[in-house]
Amino acid sequence: MDFTFSEEQQAALEAAQAVFAAVAPDAVPTPALSPGAVADDFDRALWARLATADLLSLLLDEQYGGAGLDPIALCLVLRESAKVLARVPLLENTAATTVIQAHGSPGLKEELLARAGRGEQVLTVAAHGRTGHDPAELSVIARRDTDGTWTLDGVQTAVPWAYNADSILVPAHTDDSGLAVLALVPGVHEGVVLAEQFSTSGERLAELRLESARITGRYVLDAEGAWDQLRLLLTTGTCALALGLGERVLEMTSEYTGKREQFGHPIATFQAVAVQAADRYIDLRAMEATLWQAAWRIGSGAAGALPAAGDVAVAKIWASEGVRRVVQTAQHLHGGFGADVDYPLHRYHAWAKHLELSLGPAAAHEETLGDLLAAHRLG
């Protein structure tokens, strides 16, 4: 088996490394001292550089100005973005455009995809549901009217970048058949109400309330499998973010323990410190292996003992639990220095907690995995 990345995937990684090299993880005020959001908008300058480097259109076809790559390439870029806590809706915008490309009407694709790939149209996704543990599509009801428009009612919480995106892709279920649909809802629209929420990372989220919001039929994707594709891509991308963050945190811990001395020796030479760091390294390698397995399954469509959702669930279980253990160990080994707001480790800890719970904690994905195992006899 050949586990090396293709030339195209490697090129995307190198482009991402070049773009993110100039990003400082503490470019905005610390969430520890911010009563509200750390900033009103995402990093527009970085967004423009990502567009210039063609990193916003990685998964789009050439006819829309994209590179036609796969989820593995996206995850390579996302991993680099998390190392510097990049404040951009890269995952949400890419996931939304990928699903629209696969399931949208020709008119919708012509209207949105090229512009989104150039960074001119910003899309985000409301995929958290009411609690993050329940299926997100059950939080909103969609009714098709006789004139072909759809009416949406319900609530989605913790919507990232909702105040800054042009449109929000919202999963919903129909009240007659239970079919899951995706509605592209303008950020400013009659029947759309946003209420501020704040992440542990200090970013401004939104509670999205849909009160008889009417959406034209061309902006609703009712193809079977559209929501499943979006959910799996978002979850896998979140695992890539957790991996990148965890890798950077372990690097910071290695640098610190190699310089910090007690009893005349660097504390990295103490067995108790080395064993804890080694355990976290094992966590990261497990997070990496399960991430690439999940990204390969959803990108290739390859068959397996379980549906691709099983590999994604395993990856998210490792990502949620692994990134939590990595940042906790890092805080412990840094001592009081890790809580110093002039040192960025506390920012990584706050982001890690957000990623741990995004799209469901480990327990939610353990339930999903259990259901899949019960439904598919192995052996």
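Owing to the predicted nature of the structure, the values given are computational and were not obtained by experimental measurement. Throughout this description, residue numbers start from 1 for each chain and increase along the sequence as written. The predicted nature of this model means local features are confined to residues of pLDDT at least 70 and side-chain atom pairs, given and counted, to a pLDDT of 80 or more, with totals for whole chains, interfaces and linings taken over all residues. Side-chain measures were taken over the full set of non-hydrogen atoms in the model, leaving aside hydrogen atoms and water.

Colleague: What should I look at first to understand the packing of aromatic side chains in this one?
Modeller: Two measures describe an aromatic ring pair: the distance that separates the ring centres and the angle between the ring planes. Stacked, tilted and edge-to-face are the three classes assigned to paired rings of Phe, Tyr and Trp, where Trp is represented by its six-membered ring and a pair needs centres within 6.5 Å; plane angles under 30 degrees give stacked, over 60 edge-to-face, the rest tilted. Going through the model one piece at a time under the given rule, you end up with five aromatic pairs. Pairing Tyr 256 with Phe 337 gives two aromatic rings, centres 5.5 Å apart and planes at 15 degrees, and the pair type is stacked. Of this pair, Tyr 256 sits in helix H6 (residues 226–259) while Phe 337 sits in the loop between helix H8 (308–334) and helix H9 (345–357), and the two are 81 residues apart along the sequence. On the basis of relative accessibility, which here comes to 16%, the residue Tyr 256 falls in the buried class. Residue classification places Phe 337 among the partly exposed positions, given a relative accessible area of 36%. Grouped by ring-pair contacts, the aromatic residues Phe 42, Trp 47 and Trp 161 constitute a single cluster. Strands here mean DSSP runs of E at least two residues long; helices mean DSSP runs of H or I at least four residues long; both are numbered from the N terminus. Exposed residues in this analysis have more than 50% of their type's maximum accessible area, buried residues have under 20%, and partly exposed residues fall in between, with area computed by a 1.4 Å probe over protein chains only.

Colleague: What's the story with the nonpolar core in this structure? I'm lost.
Modeller: Soluble globular proteins tend to pack their nonpolar side chains together in the buried interior. Put simply, buried Ala, Val, Leu, Ile, Met, Phe, Trp, Tyr and Cys residues joined by side-chain atoms within 4.5 Å make one nonpolar core. Core analysis: the largest hydrophobic core is formed by 91 residues, its most contacted members being Phe 20, Leu 50, Leu 230 and Leu 245. With 15 residues, the single largest contributor to this core is H6. When near neighbours in sequence (up to four residues on either side) are disregarded, Leu 245 contacts Ala 82, Leu 85, Val 323, Val 327, Tyr 348, Trp 351, Ala 352 and Leu 355. In this structure, Ala 126, Ala 142, Leu 210 and Ile 215 belong to the second largest nonpolar core, which totals 20 residues. When checking whether two residues touch, look at their non-hydrogen atoms; a contact exists if any pair is within 4.5 Å.

Colleague: I keep staring at the pattern of salt bridges and nothing clicks. Help me out?
Modeller: Note that side chains of opposite charge can pair when their charged atoms are close. Salt bridge, as applied in this entry: a Lys or Arg side-chain nitrogen positioned within 4 Å of an Asp or Glu carboxyl oxygen. Applying the stated criterion across every chain, the model contains 26 salt bridges. With its nearest N and O atoms 2.6 Å apart, the salt bridge here joins Glu 203 to Arg 87. Separated by 116 residues along the polypeptide, Glu 203 in the loop between strand S6 (192–198) and strand S7 (204–215) and Arg 87 in the loop between helix H3 (71–83) and helix H4 (90–103) bring together distant segments of the chain. The two residues Glu 203 and Arg 87 agree in class, both being buried. Of the charged contacts in the structure, one is a salt bridge between Glu 288 and Arg 285, with a shortest N-O distance of 2.9 Å. Remark: Arg 285 and Glu 288 occur in helix H7 (residues 271–300); sequence separation between them is three residues, near one turn of the helix. Residue Arg 285 is classed as partly exposed on the basis of its relative accessible area of 27%.

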